[in-house]
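# What the coordinates show
Here is how the chains run, residue by residue.
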Amino acid sequence: MDTDAPMATATDILTLTQWFSPAYPVGAFAYSHGLEWAIDAGDVTTAAQTSAWINEALHHGAGWNDSLFIAAAYHADAEDLDEIDATARAFASSSERLKETRLQGEAFCDVTAKVWATDISRLTYPVAVGRAARLESLPLDLTIQFYLMAFVSNLAAVAMRLVPLGQTEGQRLIRDLTPLCTQIAEEASNASLNDLTSTSFLGDIAAMKHETQYSRIFRT
């Protein structure tokens, strides 16, 4: 960890809580990140399978890569953001994944710019978060942790509705994945875009299959 990083204040924590709360209008509840198809196909039918699916997405897919994009945007000068954002778009493995990060990013930029007078617009979601955190002087590692916890919570909520999982199982799943969010945030804070990788192939395929799924609730 960067020992020179500023300690989080109560205001920092509450700001991040607001940014990643269900009340913040980024529409996270509308996206299943391919999990809806996996459940419909019978690949995810239990709490253990749900946990394994989310673990893979965190460790080997969008969770890890988004964390790197947040860190890169956080450290970047303004003139370098376009290149970072273009890379984030290129790493979207399907049209629905691209739509997910683009629309959430636009929504985040819109409300954050208006509420905090922050100069961000038309960025993918993780790049927008990283840039906004830098402009608001929020701790990088804590920002990534909040982002990943929101990601986990949203996918757990999808599984609670569609597997279905009970509230207790769903909350236990989130609790058990919390240490992984902390671990990834620490590693990504000290990494670079040279560490980008993605081997969550089933998740990528699920996102592609979801594009033509006949009956669906979620947008991805």
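Refer to the structure presented above.
For the structure given in this document, a descriptive report is provided here. On a predicted model such as this, the values are computed, not experimentally measured, just so you know.

## Focus on the packing of aromatic side chains
Counted by the stated rule, this structure contains nine aromatic pairs. Their ring planes at 55 degrees and their centres at 6.5 Å tell us that Tyr24 and Trp116 sit as a pair that is tilted. Of this pair, Tyr24 sits in the loop between helix 1 (10–19) and helix 2 (35–40) while Trp116 sits in helix 6 (residues 95–116); the two residues are 92 residues apart in sequence, bridging distant segments of the chain. Classification of Tyr24 by relative accessible area gives buried; the value is 5%. Chaining the aromatic ring pairs together yields one cluster made of Trp19, Phe20, Tyr24, Phe108, Trp116, Tyr125, Phe146 and Tyr147.

## Considering the side chain of Asp85
Tracing the sequence through the fold places Asp85 in helix 5 (residues 81–90). According to the relative accessible area criterion, Asp85 is buried, its value standing at 6%. Discounting residues that sit within four places of it in the chain, Asp85 has contacts with Arg122, Leu123, Thr124 and Val127.

## Digging into the layout of surface pockets
Where empty space is left in the structure can be found by rolling a water-sized probe over the atoms. The computed volume of the largest pocket comes to approximately 870 Å³. Along the walls of the largest pocket sit 41 residues, with Ala28, Gln104, Ala150, Phe151 and Asn154 positioned nearest its centre. Taken together, the elements giving at least two residues each to the lining of the largest pocket come down to helix 4 (62–75), helix 5, helix 6, helix 7 (125–135) and helix 8 (140–162). A total of eleven residues in the lining of the largest pocket trace back to one element, the largest contributor, which is helix 8.

## Points about the pattern of salt bridges
One pass over the full model with this rule turns up six salt bridges. Among the ionic pairs, Asp85 bridges to Arg89, the shortest N-O distance being 2.8 Å. With Asp85 and Arg89 both in helix 5 and four residues apart, this pair spans about one turn of that helix. Relative accessible area serves as the criterion here: at 28%, Arg89 is assigned to the partly exposed category.

## Focus on unusual backbone geometry
Put simply, Val163 and Pro164 share a cis peptide bond, and its omega is -5 degrees. Structurally, the position occupied by Pro164 is in the loop between helix 8 and helix 9 (167–189). Its identity as a non-glycine residue notwithstanding, His33 has a phi of 60 degrees, on the positive side. By relative accessible area, which is 7% here, His33 ends up buried. Residues other than glycine seldom take positive phi values, yet Ala117 does so here, at roughly 55 degrees. Residue placement: Ala117 occurs in the loop between helix 6 and helix 7.

## Describing the nonpolar core
The nonpolar side chains of a soluble globular protein tend to be buried, and buried together. Core analysis: the biggest nonpolar cluster contains 63 residues, and Trp19, Leu35, Leu58, Phe108 and Val127 have the highest contact counts within it. Not counting residues up to four positions away in its chain, the partners in contact with Val127 are Phe69, Ala73, Leu81, Ile84, Asp85 and Ala88.

## Structural notes on the environment of Ala57
Mapped onto the fold, Ala57 is located in helix 3 (residues 47–60). Sequence separation between Ala57 and Phe146 is 89 residues; the distance between their C-alpha atoms is 16 Å.

## Regarding the packing of helix 3 against helix 8
Look at helix 3 against helix 8: their axes get within 11 Å of each other, and the N-to-C directions meet at 150 degrees. Taken together, the axes of helix 3 and helix 8 lie roughly antiparallel to each other. Here the hand of the crossing between helix 3 and helix 8 comes out right-handed. Seen from helix 3, the contacting residues are Thr50, Ile54, Ala57 and Leu58; seen from helix 8, they are Leu148, Phe151, Val152, Leu155, Ala156 and Ala159.

Calculation rules
- Residues numbered from 1 in each chain as written.
- Predicted model: local features only at pLDDT ≥ 70, side-chain atom pairs only at ≥ 80, totals over all residues.
- Heavy atoms only, no water.
- Phe/Tyr/Trp six-rings, centres within 6.5 Å; stacked < 30°, edge-to-face > 60°.
- Helix = DSSP H or I, 4+ residues; strand = E, 2+ residues; numbered from the N terminus.
- Buried < 20%, exposed > 50% of the residue type's maximum accessible area, 1.4 Å probe, protein only.
- Contact = heavy atoms within 4.5 Å.
- 1 Å grid on protein atoms, 1.4 Å probe; cavity = no way out; pocket = protein on both sides within 12 Å on 5 of 7 lines; lining within 4 Å.
- Points joined across faces, edges and corners; volume = space filled by probe spheres on them.
- Salt bridge = Lys/Arg side-chain N within 4 Å of Asp/Glu carboxyl O.
- Core = buried A, V, L, I, M, F, W, Y, C linked by side-chain atoms within 4.5 Å.
- Axes fitted to C-alpha atoms, helices over the stretch in contact; angles between N-to-C directions.
- Parallel < 35°, antiparallel > 145°, perpendicular 65-115°, else oblique.
- Left-handed = near helix turned anticlockwise from the far one by under 90°.

So yeah, pure geometry; function would need other evidence.
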